[in-house]
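Examining the three-dimensional arrangement
Each chain, written out:
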Amino acid sequence: MQLLESQLISLLHHCTNLNHIKRVHAQIIRHGLHQSSFLLAKLIRTLTKLNAPMDPYPRLAFQQVKQPNPFLWTSLIRGYSFQRPLNESILLYNSMRRVGTGPVSFTFTALLKACAATLDADLGRQIHGQTITIGGFASDLYVGNTMIDMYVKCGFLDCGRKVFDEMPDRDVISWTSLIVGYARRGDMDLAGGLFDELPLKDMVAWTAMVTGFAQNARPREALCFFDRMQDAGIETDEVTLIGVISACAQLGATKYANWVRHVAEKSGYGPTNNVVIGSALVDMYSKCGSVDEAFKVFDNMRERNVFSYSSMIVGFAMHGRANAAVQLFHEMVKTDIRPNGVTFIGVLTACSHVGMVEHGRHWFATMEKSYGVTPTADHYACMVDLLGRGGCLEEALELVRTMPMDPHGGVWGALLGACRIHANPDVAEIAAVHLFELEPNGIGNYILLSNIYASARRWDDVARVRKLMREKGLKKNPGSSWVEGKKGEIHEFFAGDVTHVKSREIRQALEDLVNKLQLHGYKPNLSCVPYDVSDEDKKRILMTHSEKLALAFGLLSTSAGCTIRIVKNLRICEDCHSVMCGASQIAGREIVIRDNMRFHHFSDGKCSCAVYNSWCKFLLRIYGMTNHIAILPLRESVLLSGKFERYEVRGGRKDGRTSQESDALLNLPPPSANVLSLARKGPSLDDLVTLSGEAKVQCPSQESPIPSILLQFSGL
DNA sequence: CTAGGGTTAG
């Protein structure tokens, strides 16, 4: 009989589908073993493993047994704890108590796990109470460990700690649960303290530290722990690697990234056969600036999920490849993988970064209707960014006012950013009022507002904002940039940094570069320095921006032709952006910069971000004017917005005589129009008008680059 | 027969 039972147990153990189980069940009945709690419990556990619903089959199987033992009760309770309703687990527990069957430790682990899964701390506390009332579980490792985990997951870390402190015996699992609790709260000091005290550290404990640092945006420490882990001879599995890959993605360190991929492949967790590793690597490669490599990995993946697609779409978006992002989205919806909120963040930012306003509107309007994804405040922030950058500030403001949830800082911040681009202090004021309330210490908002006032020449307001900043004692977030050295080591530079061993050479190289650029017409953009100092000091400060230091170091330390990759913690400033453009041309180098918004690929004097944030010089020649309105036959893909500083009119096409020269400001209409209205006395029909100055030019896709120095249009 | 570590986000 014993032998038969263990044979049937073994059969159940290997069942992989429902019919299989039913056949074994039939054998159990045929052999008259249908009252065996032991066998039926195994049967129900197997059904749970296969995700079969507890109602009706497992439940009926349970009801056949006249005297279920605690293990059989628990198997059903546990089954419900993996499924809903959780209530059913509790009802069963009550029935079990009523018939006088004593719970065992397994019962409590099942119930507590259910509480953790549903984040029901109240219920968890009651079950905790039960273990005390009934007694005898105080020294049970399993119950204690599950209880810690339950409290940690429900956000009651202190309760978890109390359970931990009161346990007579603890093991590495108790410690790890608590370490994870502190890590999730962001307290890596406490987590690290516990880890140091932990007598026996296993792979999971180490991994908790590595991922803890990675999730708290401390990639360097994550990688450092991974190194220590390897030195300690601890094995690595896929979960460890995911944390390490995420850290590499944050750092943007190419050499380290390639090494990690190698480690993953060597340990049998290659991207082709492992979706999670594959998706993480896609994200890592795009964030390291290699979006093509990311796509190669993506393309070779045998299985993909919503993470893989979203990471790739977001990757394309960051690199300004909007068409690729949208196309991949189309491919995705043909599969049975449903897009989620993150997928749409990717699609919307892709449209936003290249000015595809109409596309963006379309996706925003259909995301809920066609794909069942309800827009969150983050999606509204994307839309505000998209409309705002596109020049539709009023519409953007209207969207913020009518959105169904309270706009958060990101939403107003997007609007304020757009006001900077389109020099609109009126809308900016509205956004700023809300931002100062939501993020009273967000220094960036004050700087932005002050810059917007400055471009409108509203100096009193500039002074007012600066005074506000002084009163609040706000300090500028230190800018920092890093670049990889020859061996993959990371060199980090802070704004104004002179501590690097090669500091003198770096400064010299930078000076040489800027001198050359000035011969090509570069002028330092003093408005990038938000302090009340002399112009000379502003120039000096501009020269110490961290991304310029990183660039100079990159030029010095790599050989000609090598791509220079820089990561910056804040958004790249406009002045640095134009220096990068110039440097890419003069030095004949490709420069790739990741800032906190997106990637910039500089080559031949141009940036892939297509000018949303850079002014460019232009020359326009227009023939044929009526009613002071020039119809510019702009190429569909090129849109202009901004102010013309000067224009010049030569009367008649033939004589070429200059009839008028003016410094009048000519305002261009929003970029969706191709109508240019000339203020004041406009030229007549036969005149040749030459406009020169600086304007912001936006270019909807990387596939249609614009000439950034000279734009020539001949009209009508 | 129970318990701990997991990838995407302007």
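Everything below is about the structure printed above this text.
Since the structure is predicted, the reported quantities are computational estimates derived from the model, not experimental observations.

1. Things to note about the packing of helix α19 (residues 306–318) against helix α21 (residues 341–354)
Two quantities define a packed helix pair, namely the angle between the axes and the distance from one axis to the other. Contact pair α19 / α21: the axes reach a minimum separation of 8 Å and the direction vectors enclose 15°. The orientation of α19 relative to α21 falls into the category roughly parallel. α19 and α21 meet at a crossing whose hand is left-handed. Of the residues in α21, those in contact with Val306, Ser310, Ile313, Val314 and Ala317 of α19 are Val342, Thr343, Gly346, Val347, Thr349, Ala350 and His353.

2. What to know about the pattern of salt bridges
Evaluation of the coordinates by the stated rule reveals 26 salt bridges. Here Arg540 ties to Asp537 by a salt bridge, and the two come within 2.4 Å at their closest N and O atoms. With Arg540 and Asp537 both in helix α30 (residues 535–542) and three residues apart, this pair spans about one turn of that helix. On the basis of relative accessibility, which here comes to 53%, the residue Arg540 falls in the exposed class. Classification of Asp537 as partly exposed rests on a relative accessible area of 28%. Here the residues in one salt-bridge network are Asp426, Glu429, Arg458, Asp461 and Arg464, joined through shared partners.

3. So, the nonpolar core
Counting 164 residues, the largest nonpolar core has Leu43, Met284 and Leu415 as the members making the most contacts within it. Sort the elements by how many residues they give to this core and helix α23 (residues 377–389) lands first, with eight residues. Apart from the residues lying within four places of it in its own chain, the contact partners of Met284 are Ile245, Cys248, Ala249 and Ala257. Listed in part, the 31 residues of the second largest apolar core include Leu542, Phe553, Val579 and Cys609.

4. Side note on α23
Over its 13 residues, α23 extends 18 Å from the first C-alpha to the last, a length consistent with the 18 Å expected when each residue adds 1.5 Å. Of all the positions in α23, only Ala377, His379, Tyr380, Ala381, Cys382, Met383, Val384, Asp385, Leu386, Leu387, Gly388 and Arg389 are classed as buried. Directly after α23, the chain includes Gly391, whose backbone phi takes a positive value near 95°.

5. Considerations on the sheet that holds strand β5 (residues 599–603)
Pairing between the strands of a sheet is mediated by backbone hydrogen bonds and can be parallel or antiparallel. Strand order in the open sheet formed by six strands is β2-β1-β3-β4-β5-β6, and the pairing between neighbours is mixed. Looking at the sheet topology across the chains shown, the edges are occupied by β2 (490–494) and β6 (606–607). Bridge count between β5 and β6: two bridges; the pairing is antiparallel. Paired with Ser603 across the two strands is Lys606, which belongs to β6.

6. Regarding unusual backbone geometry
Note that the residue after Asp55, namely Pro56, is joined by a cis bond; omega there is 0°. Phi at Ala217 takes a positive value of approximately 60°, unusual for a residue other than glycine. Within the fold, Ala217 resides in the loop between α13 (203–215) and α14 (219–231). Residue classification places Ala217 among the exposed positions, given a relative accessible area of 57%.

7. Considering the environment of Asn596
Topologically, Asn596 is positioned in the loop between β4 (591–594) and β5. Since its relative accessible area comes to 45%, Asn596 is described here as partly exposed. Separated by 28 residues in the primary sequence, Asn596 and Lys568 place their C-alpha atoms 6.8 Å from one another. The residues touching Asn596, leaving out its near neighbours within four places in the chain, are Lys568, Asn569, Leu570 and Arg571.

8. As for the packing of aromatic side chains
The final tally for this structure, using the stated rule, is 21 aromatic pairs. An angle of 80° between the planes, with centres 5.3 Å apart, marks the rings of Tyr256 and Trp259 as edge-to-face. Pair noted here: Tyr256 and Trp259 are both in helix α16 (residues 254–266), with a separation of three residues, about one helical turn. The partly exposed category is assigned to Trp259, whose relative accessible area is 34%. One aromatic cluster is present, formed by Phe195, Trp206, Phe213 and Phe225 through successive ring pairs. Just above the ring of Phe156 sits the side chain of Arg125; from NZ or CZ to the centre is 5.2 Å. Looking at Arg304, its charged tip hangs above the ring of Phe298, at a distance of 4.4 Å from the centre.

9. So, the pairing of strand β3 (residues 564–568)
β3 sits mainly inside the fold: four of its five residues count as buried. By the bridge criterion, three bridges tie strand β1 (residues 480–484) to β3 in an arrangement that is antiparallel. Looking at the pairing, Ser481 lines up with Lys568 of β3. Handedness of the crossover is the feature at issue here: the chain leaves β3, passes through helix α32 (residues 574–586), returns alongside β4, and the resulting connection is right-handed.

The rules we used
Numbering of residues starts from 1 in every chain and runs along the sequence as written. To read the labels, note that chains go from A and ligands from 1, taken in the order they are written. Note on the predicted model: pLDDT of at least 70 is required for a residue's local features to be given, and 80 or more for side-chain atom pairs to be given and counted; whole-chain, interface and lining totals, by contrast, use all residues. Water and hydrogen atoms were dropped before computing side-chain values, which therefore reflect all heavy atoms in the structure. For every element, the axis is a line fit to its C-alpha atoms; helices are fit only across the contacting stretch, and the angle between N-to-C directions ranges from 0 to 180 degrees. Strands here mean DSSP runs of E at least two residues long; helices mean DSSP runs of H or I at least four residues long; both are numbered from the N terminus. With respect to orientation, any angle under 35 degrees is reported as roughly parallel, any angle over 145 as roughly antiparallel, any angle of 65 to 115 as roughly perpendicular, and every other angle as oblique. Put simply, a crossing is left-handed when the front helix is turned counterclockwise from the back one by less than a right angle, and right-handed when it is turned clockwise. When checking whether two residues touch, look at their non-hydrogen atoms; a contact exists if any pair is within 4.5 Å. For this document, the term salt bridge refers to a Lys or Arg side-chain nitrogen within 4 Å of an Asp or Glu carboxyl oxygen. Three labels apply to residues, based on accessible area from a 1.4 Å probe with only protein chains included: buried if under 20% of the type maximum, exposed if over 50%, partly exposed otherwise in between. Nine residue types can take part in a nonpolar core, namely buried Ala, Val, Leu, Ile, Met, Phe, Trp, Tyr and Cys, and a core is a set of them joined through side-chain atoms within 4.5 Å. The span you would expect from a helix comes to 1.5 Å times its residue count less one. DSSP-based pairing: two strands are paired if at least 2 bridges between them are found. Only Phe, Tyr and Trp rings take part, Trp by its six-membered ring, and two of them pair if their centres are within 6.5 Å. Stacked means planes under 30 degrees apart, edge-to-face means over 60, and tilted covers everything else. A ring is scored as having a charge over it whenever the NZ atom of a lysine or the CZ atom of an arginine sits within 6 Å of its centre and within 35 degrees of its normal. By definition, the crossover connecting two strands over a helix is right-handed if that path, from the first strand to the second, turns clockwise as seen with the strands pointing away from the viewer.

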